[in-house]
Amino acid sequence: MGAYYVTTAIPYVNAEPHLGFALELVQADVLARFHRLRGDDTRFLTGTDENSLTNVLAAERASLPVRDLVERNAGRFRELTSVLNISNDDFIRTATDPRHLAGARRFWEACVGQGDVYRRPYRGLYCVRCERFVAPAELVDGSCPEHETVPEVVAEENYFFRLSRYGGALARLLDEGGLRIVPEARHREVRAFVARGLEDFSISRTRARARDWGIGVPGDPDQVIYVWFDALTNYVTAVGYGALHEDQLYLRYWRESQARVHVIGKDILRFHAVYWPAMLLSAGAALPTTIVVHGFLTRDGQRMSKSLGTGVDPGALVRTWGADAVRYWLLRHVPPTGDADFSDAAFARIYSSELADLLGNLVSRVLGMVQRYRAGVVPAPGGSPSDLHAVAARLPVALVRALDAFDPRAALDALFELVVRSNRHVTETQPWTLARAEHAGDSGAARRLDAVLYDLAEACRVVAEGLRPLLPDTAERIASVLGAPLVACWTRGLEWGGLRPGQPVGTPSSLFPRPDLPAAPRPAGTRPVRRPRGTAGTGGRPREA
């Protein structure tokens, strides 16, 4: 069992968080929970990037002191970790955390000590929202392609980092597997960027242009550390880099860790896969082992952005649908390294058809039948395994393979294969028919009903175990109502047969209740659709089940 350190990027706090950052939080949370369940010594970090001009300008627009805006919005990002049931061990704030202030300055001095920092005049095009200088060739119709704004011309004297010195070392790391980027297409993209040759980049700003906001350059009162150079160091300052004596956390989770994993968006790939490794090489520190790159979320085809005001409020979604419903959409309906479009109608449809009708309905039906036909007690299993056992037997390998490959969607696909097969098993075995035959004195039907109900209840238990890194609250609720506590050894918990015969089960309740939403306007001259008799309002299942 080795140390596993996973981080998200730290977002600007110029506005409240949107669903795009929720995606990153949830993806990283799945990795952290998965590795804890495997027994790995795991640490999970997130936080906020506060020393940026973007935040300063947002405060000016809001007529607020910068510190007040930063404090307010950083609080919203911290709240989001609770709202989404994120299991982070730490939350770092770059403007207020003394660990970071000390560590960022020490990191700067380490690069200075290697001769990799020098000062010179510079003139270039600067995108405030990207917080970086951009080359004319990168612009689209004169605007930044990411933020659709015209960069401003900036001329000043700054400190520069000798990135050009590290092109060969970065190329070898990428070629030899010292730095892995997922997906492979992003790995090739970074390798091609390095092959074109690296230019030194500016790592400070004048204090005047930064509006006196940021971490001061050691030994130069007129300059502050460039926000990206400052912010990237959070991954090491949060575990003690910069302390007078290196913290044991730093040794454990950075220097000696077997896995240092960054989960980031594709728009900041260059900073994390080129600038940051070069900075670490200069400072004599270990490098990240893996960078997992997710795509963008759009809403009705437009990219979600705090700056553009096009985001979806994840807190509002959770208040309406619940945290696990939001986690489910992000994990199963967003490609793990690709883009996806959000719409309220599609989200509601997925909630209804997949969570309420498939998973929620299965658990409710199974518990209801155990209550009705076996007085709420788990019966004995049958003598021979059913096809549900065969599907469940594939789960442990499928889940580990999927999550080792940073693919939570594949993990949920494997789990829902068992959910779908279990629902079909109800239809095929018709427990209500077996119950009538038992009532008429058929002892064989009684034994078959025991076997069917045990298999269905055990399938629900296995699903609950499998959901633990993905939908943790749902996993707990299913296990609780089954009277089957989640197992400390996760892989053992996924094995078939963990449900004890004679175990009382709880009263079924709705895992995914349908919220009261405003009714869509009905076209004139139409009447409301009446539900046919004999259906129960959860996927049209027969009342007998």
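Conventions adopted
- Residues numbered from 1 in each chain as written.
- Predicted model: local features only at pLDDT ≥ 70, side-chain atom pairs only at ≥ 80, totals over all residues.
- Heavy atoms only, no water.
- Helix = DSSP H or I, 4+ residues; strand = E, 2+ residues; numbered from the N terminus.
- Buried < 20%, exposed > 50% of the residue type's maximum accessible area, 1.4 Å probe, protein only.
- Contact = heavy atoms within 4.5 Å.
- 1 Å grid on protein atoms, 1.4 Å probe; cavity = no way out; pocket = protein on both sides within 12 Å on 5 of 7 lines; lining within 4 Å.
- Points joined across faces, edges and corners; volume = space filled by probe spheres on them.
- Salt bridge = Lys/Arg side-chain N within 4 Å of Asp/Glu carboxyl O.
- pLDDT = per-residue confidence, 0-100.
- Phe/Tyr/Trp six-rings, centres within 6.5 Å; stacked < 30°, edge-to-face > 60°.
- Lys NZ or Arg CZ within 6 Å of the ring centre and 35° of its normal.
- Pairing = 2+ DSSP bridges.
- Axes fitted to C-alpha atoms, helices over the stretch in contact; angles between N-to-C directions.
- Expected span 1.5 Å × (residues − 1).
- Parallel < 35°, antiparallel > 145°, perpendicular 65-115°, else oblique.
- Polar contact = N/O pair within 3.5 Å; in protein donor to acceptor, adjacent residues only side chain to side chain.
- Left-handed = near helix turned anticlockwise from the far one by under 90°.
- Nonpolar A, V, L, I, M, F, W, Y, C, P; charged D, E, K, R; others polar.

1. Describing the overall build of the protein
Line of reasoning, step 1. Broken down by element type, the protein carries 20 helices and 16 strands.
Line of reasoning, step 2. In the protein, which comprises 545 residues, the proportion classed as buried is 56%.
Line of reasoning, step 3. Taking as baseline every contact in the protein between residues at least 6 positions apart, the subset at least 24 positions apart corresponds to 77%.

2. Details of empty space enclosed by the protein
Line of reasoning, step 1. This model, assessed by the stated rule, comprises two cavities of 30 Å³ or more.
Line of reasoning, step 2. Empty space within the second largest cavity amounts to approximately 80 Å³.
Line of reasoning, step 3. Lining the second largest cavity, in full, are Gln27, Val30, Leu31, Val263, Val292, Pro336, Leu403, Phe406, Asp407 and Pro408.
Line of reasoning, step 4. In terms of residue count, the dominant contributor to the lining of the second largest cavity is helix H1 (residues 19-37) (three residues).

3. Side note on the pattern of salt bridges
Line of reasoning, step 1. Counting across every chain of the model gives 32 salt bridges.
Line of reasoning, step 2. Linking Arg99 and Asp90 is a salt bridge whose minimum nitrogen-to-oxygen distance equals 2.8 Å.
Line of reasoning, step 3. Here Glu354 makes a salt bridge to Arg332, at a shortest N to O gap of 3.6 Å. Residue Glu354 is located in helix H13 (residues 344-374), and its partner Arg332 is located in helix H12 (residues 323-332); the two are separated by 22 residues in the primary sequence.
Line of reasoning, step 4. One network of salt bridges, in which partners are shared, links Arg43, Asp90, Asp97 and Arg99.

4. Quick word on the confidence of the model for the protein
Line of reasoning, step 1. Considering every residue of the protein, the mean pLDDT works out to 90; 91% of them sit at 70 or more.
Line of reasoning, step 2. Throughout residues 520-545 the model reports pLDDT below 50, and contacts reaching past four residues in sequence, or to other chains, amount to 26 contacts.

5. A closer look at the packing of aromatic side chains
Line of reasoning, step 1. Under the definition given, this model contains 27 aromatic pairs.
Line of reasoning, step 2. Aromatic pair Tyr5 and Trp254: ring centres 6.0 Å apart, planes at 85 degrees, arrangement edge-to-face. Separated by 249 residues along the polypeptide, Tyr5 in strand E1 (residues 3-8) and Trp254 in helix H9 (residues 248-255) bring together distant segments of the chain.
Line of reasoning, step 3. Ring geometry for Phe161 versus Tyr166: centroids 6.0 Å apart, planes at 10 degrees, classification stacked. Take Phe161 and Tyr166: they sit in the same class, and that class is buried.
Line of reasoning, step 4. A cation sits over an aromatic face here: Arg120 above Phe160, 4.0 Å from the ring centre.

6. Notes on unusual backbone geometry
Line of reasoning, step 1. Put simply, Val182 and Pro183 share a cis peptide bond, and its omega is 5 degrees.
Line of reasoning, step 2. Within the secondary structure, Pro183 sits in the loop between strand E7 (180-182) and helix H6 (184-195).
Line of reasoning, step 3. With phi around 60 degrees, Arg211 is a residue other than glycine that occupies positive phi space.
Line of reasoning, step 4. Of note, Arg211 is situated in the loop between strand E9 (204-206) and strand E10 (216-217).
Line of reasoning, step 5. By relative accessible area, which is 40% here, Arg211 ends up partly exposed.
Line of reasoning, step 6. A positive phi angle is found at Gln430, which is not glycine, with a value near 45 degrees.

7. A look at the sheet that holds strand E2 (residues 41-48)
Line of reasoning, step 1. With parallel pairing, six strands are arranged side by side in an open sheet as E3-E2-E1-E12-E13-E7. Strands with a single pairing partner mark the edges of an open sheet, and in this sheet they are strand E3 (90-93) and E7. This sheet shows a mean twist of 20 degrees between the axes of neighbouring strands, independent of strand direction.
Line of reasoning, step 2. Sheet analysis places E2 next to E3, joined by four bridges and oriented parallel. Note on E3: the bridge partner recorded for Thr46 is Phe91.

8. What to know about helix H4 (residues 98-113)
Line of reasoning, step 1. For H4, which comprises 16 residues, the first-to-last C-alpha distance of 23 Å matches the rise-based estimate of 22 Å (1.5 Å per residue) to within 8%.
Line of reasoning, step 2. Where H4 ends, the next residue or the one after it, Gly115, has phi of about 75 degrees, a positive value.

9. Notes on the packing of helix H2 (residues 53-61) against helix H3 (residues 66-83)
Line of reasoning, step 1. The geometry of H2 relative to H3 is characterised by a closest axis approach of 8 Å and an angle of 105 degrees between their N-to-C directions. When the interaxial angle is binned, H2 and H3 end up roughly perpendicular. Residues Asn55, Val56, Ala58 and Ala59 of H2 lie in contact with H3, whose contacting residues are Val66, Leu69 and Val70.

10. Thoughts on the side chain of Thr46
Line of reasoning, step 1. Within the secondary structure, Thr46 is located in strand E2.
Line of reasoning, step 2. Side-chain polar atoms of Thr46 contact the side chain of Thr8, separated by 2.7 Å.

11. A word on helix H16 (residues 408-429)
Line of reasoning, step 1. Compared with an ideal rise of 1.5 Å per residue, which puts 22 residues at 32 Å, H16 spans 32 Å between its outermost C-alpha atoms and is within 8% of the ideal.
Line of reasoning, step 2. Two residues or fewer past H16, Gln430 is found with a positive phi of approximately 45 degrees.

12. Some remarks on the packing of helix H5 (residues 167-176) against H6
Line of reasoning, step 1. Packing of H5 against H6 brings their axes to within 10 Å, and their N-to-C directions diverge by 155 degrees. Relative to H6, the element H5 is oriented roughly antiparallel. Relative to H6, the crossing made by H5 is left-handed. Along the contact surface, H5 presents Gly167, Leu170, Ala171, Leu174 and Asp175, while H6 presents His187, Val190, Arg191 and Val194.
Line of reasoning, step 2. Split into classes, the residues belonging to the contact of H5 with H6 amount to five nonpolar, two polar and two charged.

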